[in-house]
Amino acid sequence: MDLIQLLIIGLLALSIVVAGTIFLARRRALPPAAKRSLPAEPTAPAEDRPTTQPADSDEKSPASSGPSTPTLDRPEAPASRMARLRRRLAGSNNPLARGLLSILSADRLDADTWDDFEATLITSDLGVGPTQELTAALRRELSIDGVGDSVKAKQVLRRELLSLVNPNLDRSLKLRGASGLPAVVLVVGVNGTGKTTTIGKLARVMVAENQSVVLGAADTFRAAAADQLQTWGDRVGVPTVRGPEAGDPAAVAYQAVQRGIDDGADVVVVDTAGRLHTKTGLMDELGKIKRVIEKLAPVTEVLLLIDATTGQNGLIQARVFAEVVQITGIVLSKLDGSAKGGIVVQVQRELGVPVKLIGLGEGVDDLVPFEAEAFVDALLSE
Ligand code: GDP
């Protein structure tokens, strides 16, 4: 083969390589065949899309992840909530806890020590009766061995405290409706105690447990209250039934329960206005709401909100509510802001109704089922 033949073969090979490269580059520039041949994905009409965008959200935006895959909030696991309870109630942060633990580190258990102990418990809203009972029991039990054996003394304190808080009360929420009907939870309490916030937090927990929920905004006196409730509902993809501003609260409650029945929902939670104008006014309003709801389905749970930071005032309000409607459970909110956890004991005694839930902050997961043992252990943890 001479030089010219070699040159021709080389040129041929080069032009094949160049042509191949151009062809491949063109192919890459085109969209894939499958994409070209299919029509565009149909877009759901706006009203069919789940509304997951909270109106005032400065947190992560569920709707921003796209309409076809809404990211609904999921609540925090119960174990880490209990850890928070412990942190918030633990000895050094809480005067009641400090008062209780002070007895264990006392040099001598003389009359002055017991007087100081009693005074601290009374100012922590434990109530006079429970304070005297606890002091008498501890004086009796610790009079022989004293507090020299601190482990044993703490066990005695724990046992006596626990019996005051009463671990035997049924604290379960009644969330099972009668024969195919939704359960109906009515939430009552003075404005500002945390009703709406609590309902929102509760809805999160129920949704996480795969329960279908409808919210009823029967606090029609403040438009902001219905907006607030709807925001909570939207966050977890739960519908909120609301009526015209200043409309009849009983009518909204009725419509909410009707919606719950129509949707085959598990639970309907109804928010109410908490205006303590007159006892008769309150009685008329709450009585009517309950009566009207019960034309459709029995009310399975009436939760009374009490703001733990209001102490004796909260108790006075609680008495009024307990006279006008039969309370089945207490939610003690703002226990994080109160140095007076003793109210748990006093309110249960006064009303004869168990504390079922406690609020430990404004955060979405700051609602915890009340458990006597966990509460006492949190108080006694150092
Ligand atoms: P409502 O008028 O009874 O519906 O009360 P809201 O639900 O509007 O709550 C009143 C205020 O109390 C709001 O600012 C809530 O964030 C706050 N709040 C509710 N529960 C708690 C709680 O457990 N701890 C604290 N620190 N704040 C709470």
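Definitions and cut-offs
- Residues numbered from 1 in each chain as written.
- Predicted model: local features only at pLDDT ≥ 70, side-chain atom pairs only at ≥ 80, totals over all residues.
- Heavy atoms only, no water.
- Salt bridge = Lys/Arg side-chain N within 4 Å of Asp/Glu carboxyl O.
- Buried < 20%, exposed > 50% of the residue type's maximum accessible area, 1.4 Å probe, protein only.
- Pairing = 2+ DSSP bridges.
- Helix = DSSP H or I, 4+ residues; strand = E, 2+ residues; numbered from the N terminus.
- Axes fitted to C-alpha atoms, helices over the stretch in contact; angles between N-to-C directions.
- Contact = heavy atoms within 4.5 Å.
- 1 Å grid on protein atoms, 1.4 Å probe; cavity = no way out; pocket = protein on both sides within 12 Å on 5 of 7 lines; lining within 4 Å.
- Points joined across faces, edges and corners; volume = space filled by probe spheres on them.
- Nonpolar A, V, L, I, M, F, W, Y, C, P; charged D, E, K, R; others polar.
- Phe/Tyr/Trp six-rings, centres within 6.5 Å; stacked < 30°, edge-to-face > 60°.
- Lys NZ or Arg CZ within 6 Å of the ring centre and 35° of its normal.
- pLDDT = per-residue confidence, 0-100.
- Core = buried A, V, L, I, M, F, W, Y, C linked by side-chain atoms within 4.5 Å.
- Near = heavy atom within 4 Å.
- Polar contact = N/O pair within 3.5 Å; in protein donor to acceptor, adjacent residues only side chain to side chain.
- Areas by Shrake-Rupley, 256 points an atom, 1.4 Å probe, with all protein chains shown as cover.

Draft legend 1. Layout of the pattern of salt bridges. Enumeration according to the criterion identifies 14 salt bridges in this entry. One salt bridge in this structure joins Asp-110 and Arg-108, with 3.6 Å as the shortest N-O distance. Its relative accessible area of 24% is what places Asp-110 among the partly exposed residues. Beyond isolated ion pairs, a larger network of salt bridges with shared partners links Glu-141, Arg-159 and Glu-160.

Draft legend 2. Representation of the sheet that holds strand β7 (residues 355-359) in the model. Pairing within the open sheet is mixed, and its eight strands lie in the order β3-β2-β4-β1-β5-β6-β7-β8. Each end of this open sheet is capped by a strand with a single partner; those strands are β3 (240-242) and β8 (367-369). Between one strand and the next, the sheet's axes are offset by a mean angle of 25 degrees, whatever the strand orientation. The pairing of β7 with β8 spans three bridges and is classified as antiparallel. In the strand pairing of β8, Ile-358 is matched with Val-368. Most of the contacts of helix α9 (residues 223-235) go to β3, to which it runs at about 165 degrees, and overall it touches β2 (213-218), β3 and β4 (267-272).

Draft legend 3. Molecular detail of empty space enclosed by the protein. The tally for this structure, following the rule as stated, stands at two cavities of 30 Å³ or more. Each pocket or cavity is described by its volume, and for the largest cavity that value is around 50 Å³. Looking at the largest cavity, the residues that line it are Leu-96, Leu-100, Leu-126, Leu-161, Val-165, Gly-341, Gly-342, Val-345, Phe-375 and Leu-379. Broken down by secondary-structure element, the contributors of at least two residues to the lining of the largest cavity are α4 (95-102), α7 (150-165) and α14 (372-380). Looking at the lining of the largest cavity residue by residue, the class counts come to eight nonpolar, two polar and no charged.

Draft legend 4. Looking closely at the packing of aromatic side chains. Throughout the structure, instances matching the rule amount to two aromatic pairs. Measuring from centroid to centroid gives 5.7 Å for Trp-114 and Phe-117, while their planes differ by 85 degrees, and the two rings are edge-to-face. Note that Trp-114 and Phe-117 are positioned in helix α5 (residues 111-123) at a spacing of three residues, about one turn of the helix. Phe-117 shares its class with Trp-114; the two are buried. On the numbers, 5.1 Å between centres and 55 degrees between planes, the contact of Phe-370 with Phe-375 is tilted. No difference in accessibility class separates Phe-370 from Phe-375, as the two residues are buried. The residue whose ring lies beneath Arg-235 is Trp-232, and the NZ or CZ to ring-centre distance is 5.3 Å.

Draft legend 5. Structural view of unusual backbone geometry. A positive phi angle is found at Asp-125, which is not glycine, with a value near 65 degrees. Tracing the backbone shows Asp-125 in the loop between α5 and α6 (128-145). By relative accessible area, Asp-125 is classed as buried at 5%. One non-glycine residue with positive phi stands out, namely Asn-166, at about 70 degrees. Tracing the sequence through the fold places Asn-166 in the loop between α7 and β1 (183-188). What makes Asn-166 partly exposed here is its relative accessible area of 25%.

Draft legend 6. Main features of the confidence of the model for the chain. Per-chain confidence: the chain averages 80 in pLDDT, with 77% of residues scoring 70 or above. Low confidence marks residues 22-70, where pLDDT is under 50. Its contacts with residues over four positions away, or in another chain, come to 28 contacts.

Draft legend 7. Highlighting the nonpolar core. Grouped together as the largest cluster of nonpolar side chains are 77 residues, with contacts concentrated most on Leu-100, Leu-134, Val-188, Ile-293, Leu-332 and Ile-358. In contact with Leu-134, not counting residues within four places along its chain, are Leu-100, Phe-117, Leu-121, Leu-126, Glu-160, Leu-161 and Leu-164.

Draft legend 8. Focus on the site of the ligand. Around the ligand sit 18 residues in total, of which Gly-192, Lys-195, Thr-196, Thr-197 and Glu-362 are the nearest. Separating an oxygen atom of the ligand from a side-chain N or O atom of Glu-362 is a distance of 2.6 Å. With the chains in place, 81% of the 590 Å² that the ligand exposes on its own is no longer accessible. Top element by residues in the shell around the ligand is helix α8 (residues 195-208). It accounts for four residues. Here the residues of the shell around the ligand are counted per class, giving two nonpolar, 10 polar and six charged.

Draft legend 9. Inspection of the environment of Pro-182 at higher detail. With respect to the helices and strands, Pro-182 occurs in the loop between α7 and β1. You can call Pro-182 buried: its relative accessible area is 1%. C-alpha separation for the pair Pro-182 and Ala-265, spaced 83 residues apart in sequence, amounts to 5.8 Å.

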